[in-house]
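Residue-level structural notes
Chain residues, written in single-letter form:
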Amino acid sequence: MTETSTVIIVGSSRSTGNTAELAMAVASKLKASVIDLKQYQIAPFDYEFKNRDDDFLALMKQALSFERIIFATPMYWYAPSATMKTFMDRISDLLKIEKDLGRQLRSKKAALLGTGCDAEPAACFEQVFQLTFAYLGMAYQGMLYAHCENEFIHAQHLPAIDNFAEALHAQ
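Residues numbered from 1 in each chain as written. Predicted model: local features only at pLDDT ≥ 70, side-chain atom pairs only at ≥ 80, totals over all residues. Heavy atoms only, no water.

Topic: the packing of aromatic side chains
Under the defined criterion, the tally for this structure stands at nine aromatic pairs. A centroid spacing of 5.8 Å and a plane angle of 85° characterise the contact between Phe 45 and Phe 49, whose relative ring orientation is edge-to-face. With relative accessibility at 23%, the residue Phe 45 sits in the partly exposed group. Through pairs of rings, three or more aromatic residues link up here, namely Phe 56, Phe 71, Phe 87, Phe 125, Phe 129, Phe 133 and Tyr 140. (Phe/Tyr/Trp six-rings, centres within 6.5 Å; stacked < 30°, edge-to-face > 60°. Buried < 20%, exposed > 50% of the residue type's maximum accessible area, 1.4 Å probe, protein only.)

Section: the pairing of strand β1 (residues 6-10)
Buried residues dominate β1, accounting for five of its five residues. What you see with β1 is no split at all: Thr 6, Ile 8 and Val 10 on one side and Val 7 and Ile 9 on the other are buried throughout. With five bridges connecting them, β1 and strand β3 (residues 68-74) associate as parallel partners. The partner of Ile 8 across the bridge, within β3, is Ile 70. (Helix = DSSP H or I, 4+ residues; strand = E, 2+ residues; numbered from the N terminus. Pairing = 2+ DSSP bridges.)

Thoughts on the sheet that holds strand β5 (residues 139-147)
Reading across the sheet, the five strands line up as β2-β1-β3-β4-β5 and stay open at both edges, with parallel pairing between neighbours. Strands with a single pairing partner mark the edges of an open sheet, and in this sheet they are β2 (33-36) and β5. Strand-to-strand twist across the sheet, computed as the mean angle between neighbouring axes with direction ignored, equals 20°. Running over the sheet, helix α3 (residues 82-96) touches β1 and β3 and is turned about 140° from β3. (Axes fitted to C-alpha atoms, helices over the stretch in contact; angles between N-to-C directions. Contact = heavy atoms within 4.5 Å.)

Now the structure itself:
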């Protein structure tokens, strides 16, 4: 089993919320770096690419230095957060104008962390990421979803976190 360099990109409205708690717990098991999208200025996708002075390209260059990229987001209305969705939409920049960077995604592994009030996530939540990763040529390694009615209770999720980390190490 080899150690894979991993980054977790957290796209939540709260930098210290349930999703961030899950991301930090997984990061400690994988020795992963964590990027909080709320700390960056990322403009919405723009067909005229007038948003090139924001933080997106620098952030993607950083993320592409890792072998595995894990997206972490709460599930809002069966979909990623607006923060994560904006980030994902901007990946279009890598397909249209920064193609050399975009091609680097093909060699990456990808996974998903999700949190939400529902006991189980809707299938469409994970499917958004599965289809995106497949389109980008990334090797999808699975999802860990944590049901958090009010707050993230670490001990409650520890067995699933351990299993998820072990599964990623095995892939």
